[in-house]
Amino acid sequence: QGLLISGALANSCIDFKEGTCPLDELNVVAQNEEVPSALACQNLCNQNSECGFFTWFNNECFLIKSCDYVEKCQGCVCGPSYPSFDTCKWPPGPSCNDFQAQSCPLTETNILDIVEPVTSPGQCQDKCSLSERGCQYFTWYDDMCYLLATCEEYSACEVCISGGLEPDYESCQGPTTGRPVPTTTKAPAPTSNQPGGDCDDFQEGMCPITESNLIILLSNVESASVCQDRCRTYESAKCDWFTFFEKDCFLLRTCDSVDVCQGCMSGPAYPDIDDCNGSSPKPATTTVRPTTPRPVTTTRKPTTTTRKPTTTTRKPTTTTRKPTTTTRKPTTTTRKPTTTTRKPTLMEIVASFTATICVKDTTMRSSTLSGSTLQLNVRPSVRREINVNTSHTT
């Protein structure tokens, strides 16, 4: 949520903010470009009967019907159609209206420090201004002072006071300054339609105090009865359970289990614990004793110890026996065929020679070979002279 802007009947210079009004489709009347200033944008708004507010940014002008809240926007200017923008100081200085009966964001990243006990919002503002950690805003609640880095939005908290370093909180006094006054509303008495259980639900023990279950931690709380009252009247979140321990009051969402905690008191928002004083609180049934439930910040981060189990992984021995491969080269026997060449006899050679002669000379009746020498070339290694001294008559 952003800051609420004043209604049309009470418009003043404090209604001009560095931010933007809601720019949704149903709320924007018109949009104009090349508008040189916020004053020129306001003049365009005055010329449009539907326009009640404007937002100007970087020569762009939005004419707007209403401005129920303002979202922060660096360099933006937004405000009503009157009074005239040029009659007001810009940028506006801090005013007493900047203090809100609400809570700034109380997160781990935004909280710079928590100081207690601090008896007034003015003292809390002084702690913020003297802080060396860059405190710019504060939230004071029930003698606790939260020193904060930013305050971009507010949460409902009627008993809180929040603001910046200026103006001086103590100087914003009197009925006309608009300084918020924290309320101290006593929790209403239980009725038949209020949630809760019975007196047996109050136990000497501790509800789960985890990051998701804890709403807020309040310090310097006098008793379990006062802690229960804080649970009933807390408006930023629905508190149904509480745990009280040594002036620390833990406002909780649920209480699914109760751990043993000597000196702790836990129970629901209803019925009234004072009406149950005649009965002894039921002790917790669990056996685990927690550490003292006092977180440093509003969010208690539970300590988790995870023991890593020792795992021994034995690498199996893999034996791969290489098979013996015997490749027997086949014996190839090529039997060379035996060729027998019969050497012709001398008489066969002579007969063949004689037959050849007879073919060449068929008219010859007879041939007489006498004293002739025949040189036969049978083979180079077998060369001899054959003397034929025979007569052959054909």
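Structure: above.
Described in the following lines is the structure provided in the data block. Predicted model, so just to flag it, every value in this text is computed and none were measured. (Residues numbered from 1 in each chain as written. Predicted model: local features only at pLDDT ≥ 70, side-chain atom pairs only at ≥ 80, totals over all residues. Heavy atoms only, no water.)

Thoughts on the overall build of the protein
Here is the rule: Under the DSSP-based scheme used, a helix requires at least four consecutive residues in state H or I and a strand at least two consecutive residues in state E, with every element numbered from the N terminus. Burial here depends on accessible area, computed with a 1.4 Å probe over protein chains only, as a share of the maximum for the residue type. Under 20% is buried, over 50% is exposed, and the range in between is partly exposed. Computed with the Shrake-Rupley method and a 1.4 Å probe, the accessible areas treat only the protein chains shown as cover for residues.
A tally of helices and strands in the protein yields four helices and 21 strands. Here the protein holds 394 residues, and 34% of them are scored as buried. Looking at the protein as shown, the accessible area adds up to about 25,500 Å², and 50% of this sits on carbon and sulfur atoms.

Description of the pattern of salt bridges
Quick reminder of the rule: Salt bridges are counted wherever a side-chain nitrogen of Lys or Arg sits within 4 Å of a carboxyl oxygen of Asp or Glu.
In total, this model carries three salt bridges according to the counting rule given. Across the salt bridge formed by Arg230 and Asp142, the nearest N and O atoms sit 3.2 Å from each other. A residue pair is termed long-range when its members are at least 10 positions apart, and Arg230 in helix 3 (residues 224–233) and Asp142 in the loop between strand 9 (137–141) and strand 10 (144–148) qualify at 88 residues. Overall, Arg230 belongs to the partly exposed group, its relative accessible area being 23%.

Some details on the side chain of Thr139
For clarity, the threshold we go by: For this analysis, a polar contact is any N or O atom pair within 3.5 Å, provided that within protein one partner can donate a hydrogen and the other can accept it, and provided that sequence-adjacent residues contribute only side-chain to side-chain pairs. By the convention used here, residues are in contact when the closest approach between their heavy atoms is within 4.5 Å.
Of note, Thr139 is situated in strand 9. Side-chain polar atoms of Thr139 contact the side chain of Ser162, separated by 2.7 Å. Leave out the neighbours within four places in its chain, and Thr139 touches Ser103, Cys104, Leu106, Cys124, Met144, Cys145, Tyr146, Leu148, Cys160, Ile161 and Ser162.

Details of unusual backbone geometry
A negative phi holds for most residues other than glycine; trans holds for most peptide bonds. Geometrically, the link from Glu116 to Pro117 is a cis peptide bond, its omega value of -10 degrees lying close to zero. Looking along the chain, the bond that leaves Glu166 and enters Pro167 is cis, with omega of -10 degrees. Here Pro167 shows up in the loop between strand 12 (160–164) and strand 13 (203–206). Of note, Asn58 is a non-glycine position whose phi angle comes to about 50 degrees, a positive value. Structurally, Asn58 can be placed in the loop between strand 3 (53–57) and strand 4 (60–64). One non-glycine residue, Asp143, lies in positive phi territory at about 65 degrees. Inspection of the secondary structure assignment puts Asp143 in the loop between strand 9 and strand 10.

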